[in-house]
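Here is what each chain is made of, one letter per residue.
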Amino acid sequence: MKLAIFKTCRTARWHLSRNWWLQALLFIAIWALGEAVVRQFSIPIPGSVLGMGALLAALELRWISVRWFRRGARGLLAHLLLFLTPAMLAVVNHRELISMTGLKLIVAVLIGTPLVMIGTAVVVEIGFRLQPIRER
Amino acid sequence: MNAELQAVLWAAVTLGIYLAALRLYRACRVWWLSPLLVTWVLCGVLIVVFHTAYRDYLRGTSWLVSLIGPTTVAFAIPIHENRALIRKYWVLLLIGTVAGSAISFGSAWALAWLFHLSPEMQASLLPRSITTPFAMTVSQDLGGLPELTAAFTAITGLFGAAIGEGVMSWLPLRSSFARGAFFGMGAHGAGVAKAREIGEEEGAVAGLIMVFAGLLNVLAVVLFVHLRG
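Rules used in this analysis
Residues numbered from 1 in each chain as written. Chains lettered and ligands numbered in written order. Predicted model: local features only at pLDDT ≥ 70, side-chain atom pairs only at ≥ 80, totals over all residues. Heavy atoms only, no water. UniProt positions renumbered as here; feature names shortened; annotations may be inferred. Helix = DSSP H or I, 4+ residues; strand = E, 2+ residues; numbered from the N terminus. Rg over C-alpha atoms; globule rule 2.2 N^0.38 Å. Buried < 20%, exposed > 50% of the residue type's maximum accessible area, 1.4 Å probe, protein only. Patch = residues over 30% accessible without salt bridge, like charges linked within 9 Å, V, L, I, M, F, W, Y side chains within 5 Å. Areas by Shrake-Rupley, 256 points an atom, 1.4 Å probe, with all protein chains shown as cover. Salt bridge = Lys/Arg side-chain N within 4 Å of Asp/Glu carboxyl O. Lys, Arg positive; Asp, Glu negative; His and termini not counted. Charge placed at Lys NZ, Arg CZ, Asp CG, Glu CD. Domains from an automatic or database assignment. Contact = heavy atoms within 4.5 Å. Buried area = accessible area lost by both parts, 1.4 Å probe. Phe/Tyr/Trp six-rings, centres within 6.5 Å; stacked < 30°, edge-to-face > 60°. Arc of directions from axis to C-beta. Polar contact = N/O pair within 3.5 Å; in protein donor to acceptor, adjacent residues only side chain to side chain.

- With an unreviewed UniProt entry as reference, chain B is termed Putative effector of murein hydrolase, source organism Terrimicrobium sacchariphilum.
- Under the Subcellular location (unreviewed entry) heading, UniProt states for chain B: "Membrane".

Focus on the overall build of chain A
Stage number 1. Tallying secondary structure elements over chain A gives 6 helices and 0 strands in all.
Stage number 2. The order of α-helices and β-strands along chain A, N terminus first, is α-α-α-α-α-α.
Stage number 3. Here the C-alpha atoms of chain A give a radius of gyration of 23 Å, more than 25% beyond the 14 Å that 2.2 N^0.38 yields for 136 residues.
Stage number 4. Dimensions of chain A, computed from the C-alpha atoms along their principal axes, are close to 70 × 55 × 35 Å.
Stage number 5. When the 136 residues of chain A are sorted by exposure, 40% land in the buried category.

Section: a positive patch on the surface
Residues and elements named next belong to chain A.
Stage number 1. On the surface, a cluster of positive charge is made up of R13, R18, R67, R71 and R74.
Stage number 2. Relative to the assigned elements, R18 resides in the loop between α1 (2–16) and α2 (20–40).
Stage number 3. Since its relative accessible area comes to 45%, R18 is described here as partly exposed.

Considering the domain arrangement of chain B
As a measure of interface size, the accessible area lost when the parts come together is often cited.
Residues and elements named next belong to chain B.
Stage number 1. The domain boundaries assigned to chain B delineate domain 1 (1–52) and domain 2 (68–228).
Stage number 2. Between domain 1 and domain 2, the residue contacts involve 6 residues of the former and 6 residues of the latter.
Stage number 3. Of the roughly 490 Å² buried where domain 1 meets domain 2, counting both sides, 86% is carbon and sulfur surface.
Stage number 4. Ranking the residues of domain 1 by area buried against domain 2 places W31, L36 and W40 at the top, with a combined share of 77%.

Considering the packing of aromatic side chains
Stage number 1. The tally for this structure, following the rule as stated, stands at 6 aromatic pairs over all chains.
Stage number 2. Between the aromatic rings of A:F27 and A:F69, the centroid separation amounts to 5.5 Å while the plane-to-plane angle is 65°, which identifies the pairing as edge-to-face. Of this pair, A:F27 sits in helix α2 while A:F69 sits in the loop between α3 (47–60) and α4 (70–78), placing them 42 residues apart in sequence.
Stage number 3. Take A:F69: its relative accessible area is 4%, and that puts it in the buried class.
Stage number 4. Relative to B:Y57, the ring of B:Y54 has its centre 6.4 Å away and its plane inclined at 25°; by these criteria the two rings are stacked.

Looking at α4(A)
The α-helix winds at 3.6 residues per turn, so residues separated by three or four positions along the chain end up facing the same way.
Stage number 1. Inspection of α4(A) places A:G72, A:A73, A:G75 and A:L76 among the buried residues, and these make up the whole buried set. All buried residues of α4(A) fall inside an arc of 165° around its axis, so they share one side.
Stage number 2. In this fold, the buried residues of α4(A) make contact with α2 and α5 (80–88) of chain A together with α4 (68–74) and α5 (76–81) of chain B.

Observations regarding the UniProt feature "transmembrane region" (unreviewed entry) in chain B
All names here are of chain B.
Stage number 1. What UniProt calls "transmembrane region" (unreviewed entry) maps, in this numbering, to residues 6–25, 32–54, 60–77, 89–115, 148–171 and 204–227.
Stage number 2. Segment residues 32–54 splits into 70% helix and 0% strand. End C-alpha atoms: 25 Å apart.
Stage number 3. Strand forms 0% of residues 204–227 and helix 100%; the C-alpha atoms that close the span are 34 Å apart.

Remarks on the pattern of salt bridges
Side chains carrying opposite charge are able to pair once their charged atoms draw close together.
Stage number 1. Considering all chains together, one arrives at 8 salt bridges over all chains under this definition.
Stage number 2. Each of A:E60, B:R83 and B:R87 takes part in salt bridges that share partners, so that together they form one network.

A few points about the environment of B:R179
Residues and elements named next belong to chain B.
Stage number 1. Within the secondary structure, R179 sits in helix α10 (residues 176–198).
Stage number 2. Linking R179 and T14, residues 165 residues apart in sequence, is a C-alpha distance of 34 Å.
Stage number 3. Setting aside residues up to four positions removed in sequence, R179 forms contacts with M168, L173, R174 and E202.
Stage number 4. A distance of 2.8 Å separates a polar atom in the side chain of R179 from a polar atom in the side chain of E202.

Next comes the structure, spelled out in structure tokens:
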């Protein structure tokens, strides 16, 4: 009996470390739990962020193995764009954007993006060069 | 057509276009064939052509949107796997995250002021440089429209990834850190993919800066909203 339970556990673990669908279900469970906790205790941060922090802590403390999550994370993150698309399509509800306001917003994005890229890179480069050489 | 059938059909159309676009992109690798852009534009055109209400489209595809939450949880794994890098270079990562977020908010605020944008549009524009799941949360907390923020964020990522290498060749960047921060802060997800093509360390740094900037902004805005009451 004990052996049977042991074997079942081992098989479950084996599947968990290989199958990305199962691992994705784990992430869904953590997220749902995070949302429930956030709602229950009225914590102002999103449930997904709480779930992420809890998962990170559990991994850091070696309570759980990263092998149960690696493939699921890669699978979910690879398709994030697909999950975002339906939200982005809400622009069809905003016909008012086909106007001067829409143009201004696009121009603001197009000007802002290189500013952020260059600014951030320059600050980090200066920080890097100010470091003592042995720390690089 | 009955509503359930229509919902299933829209989900199938979205998935089908996405998978086809993914294959096409893997074969060609040009930025304007990015699956994000192709799926967005084609689905948008279909919705308009068939006079579908966005509400009806979302009925079939909202389950995709609810996977954004679990995917945010999954950001924990790249952080965990790069913990050695974080321990060694946490100062530089912190500098990049804070400075990048400040520049991104500052520039968006200034441009919104310059263009006389409404407060709602301004709030939707502010978080455009951080990765979309976090950007949508920040937008909501600031009183913006999260769906519009998702669209601005997508344009930022596409544009940043498209111009990135060209702009970078003009900058005297010696460290892989600055190159990683350049892409991770400026163009989030699309930028991280580009940074990975340049180098392993660039990709890792870009990914870390992207997630850290997202977290920093979400927590800062929560604090801001809380203090304001």
